[in-house]
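Topology and contacts: notes
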Amino acid sequence: PLKFLFISSWNDIHNRNWFGRGGLYADQIFCDIRSKIDCSLTIRSQHALESEARFPGSVHRYEEYISDEYLNNQFIESNVFLLPSVQAHFIAVPQAMAAGMFVIGNTQFGFDDYITNNENGLSIQNIEMLTNPSHCNRSHMLDKNYISQTVDSFLNLYQDKETFASFCINSFQKQRSRNSINHYKNRIDSILNSIYEN
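Presented here is a report on the structure given in the accompanying data block. (Residues numbered from 1 in each chain as written. Predicted model: local features only at pLDDT ≥ 70, side-chain atom pairs only at ≥ 80, totals over all residues. Heavy atoms only, no water.)

Some details on the overall build of the protein
For the protein, the count of helices and strands is 8 helices and 6 strands. Reading the secondary structure of the protein in the N-to-C direction produces β-α-β-α-β-α-β-α-β-β-α-α-α-α. The C-alpha atoms of the protein give a radius of gyration of 17 Å, which matches the 16 Å a tight globule of 198 residues would have. Along the first, second and third principal axes, the C-alpha atoms of the protein reach 60 × 35 × 35 Å. Across the 198 residues in the protein, those meeting the buried criterion constitute 46%. Taking the contacts inside the protein whose residues are at least 6 apart along the sequence as the reference set, 54% of them involve residues at least 24 apart. When the accessible surface of the protein is summed, it comes to about 10,000 Å², and 50% of that surface belongs to carbon and sulfur atoms. Each charge class in the protein was averaged separately, 16 positive and 21 negative side chains, and the resulting centres sit 1 Å apart. (Helix = DSSP H or I, 4+ residues; strand = E, 2+ residues; numbered from the N terminus. Rg over C-alpha atoms; globule rule 2.2 N^0.38 Å. Buried < 20%, exposed > 50% of the residue type's maximum accessible area, 1.4 Å probe, protein only. Contact = heavy atoms within 4.5 Å. Areas by Shrake-Rupley, 256 points an atom, 1.4 Å probe, with all protein chains shown as cover. Lys, Arg positive; Asp, Glu negative; His and termini not counted. Charge placed at Lys NZ, Arg CZ, Asp CG, Glu CD.)

Some thoughts on the sheet that holds strand 3 (residues 59–62)
Across the sheet, 6 strands lie side by side as 3-2-1-4-5-6; this open sheet has parallel pairing. Only two strands of the sheet have a single neighbouring strand rather than two, namely strand 3 and strand 6 (121–124). Mean inter-strand twist for the sheet, computed between neighbouring axes without regard to direction, equals 15 degrees. For strand 4 (residues 80–82) and strand 5 (residues 102–106), the ladder comprises 3 bridges, and the chain directions are parallel. Bridging from a neighbouring strand, Phe81 pairs with Val103 of strand 5. Against the sheet, helix 1 (residues 23–34) contacts strand 1 (2–6), strand 2 (39–44), strand 3 and strand 4, and its axis sits at roughly 165 degrees relative to strand 2. On the sheet, helix 7 (residues 161–178) packs against strand 1, strand 4, strand 5 and strand 6 and is oriented at approximately 80 degrees with respect to strand 5. (Pairing = 2+ DSSP bridges. Axes fitted to C-alpha atoms, helices over the stretch in contact; angles between N-to-C directions.)

Let's talk about helix 3 (residues 68–77)
By the burial criterion, the buried members of helix 3 are Leu71, Gln74 and Phe75. Viewed along the axis of helix 3, the buried residues span an arc of 100 degrees, placing them on a single side of the element. For helix 3, the exposed residues lying more than 90 degrees away from the buried face are Glu69 and Ile76. Tucked into the core, helix 3 has its buried residues touching strand 1, strand 2, strand 4 and helix 4 (92–98). (Arc of directions from axis to C-beta.)

So, unusual backbone geometry
Notably, Asn118 is not glycine yet its phi reads approximately 60 degrees, a positive angle. Residue placement: Asn118 occurs in the loop between strand 5 and strand 6.

Quick notes on the pattern of salt bridges
Where charged atoms from two side chains of opposite charge approach closely, those side chains can pair. Inspection of the entire model under this criterion finds 5 salt bridges. Across the salt bridge formed by Arg54 and Glu50, the nearest N and O atoms sit 3.2 Å from each other. A residue pair is termed a helical-turn pair when its members lie 3 or 4 positions apart in one helix, as Arg54 and Glu50 do in helix 2 (residues 50–54) at 4 residues. For Glu63, the salt bridge is made with Arg61, and the minimal N-O distance between the two is 3.2 Å. Look at the salt bridges and you will find they share partners, linking Glu52, Arg61 and Glu63 into a network. (Salt bridge = Lys/Arg side-chain N within 4 Å of Asp/Glu carboxyl O.)

See the structure below:
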């Protein structure tokens, strides 16, 4: 069965960044997908969730500290990483990709370094989050267009299991190539060349 994973702000016990990482968006996106296909969600949140109320057997919510070992296992065992965040997080996204996970994000700053839309994940523009991140903590102010586009795009893609599997492989391979010695050497060379040219 398809397994979604959302984690908030690593192990910040106060969960200050839960909304900024797209907690309400992740909850709503999962609800809409779960209403159409069988899947589960593992989520770290101190907040009560709509998905937990609607699909109690499908949502595993943790409030407490998550050990690194447990978190690593969740990355390995899950298929889709939900992070509809205000910005990309430069540990969580590469870790998900290294585990061969399909990543759902948006077009905010930083995601395009990792997600190529319809290649290793979904990156759809979120207007409300872009213009007013405070909307992330009000359910009635969420960008409904972003949610529906994300859900529809994902469900259309997931109908073809081979294509979905290839996206997961692409995710792993893209992260592996990014972390190669040659990638960093070439990147440093390009930076140095641009400095010398200027």
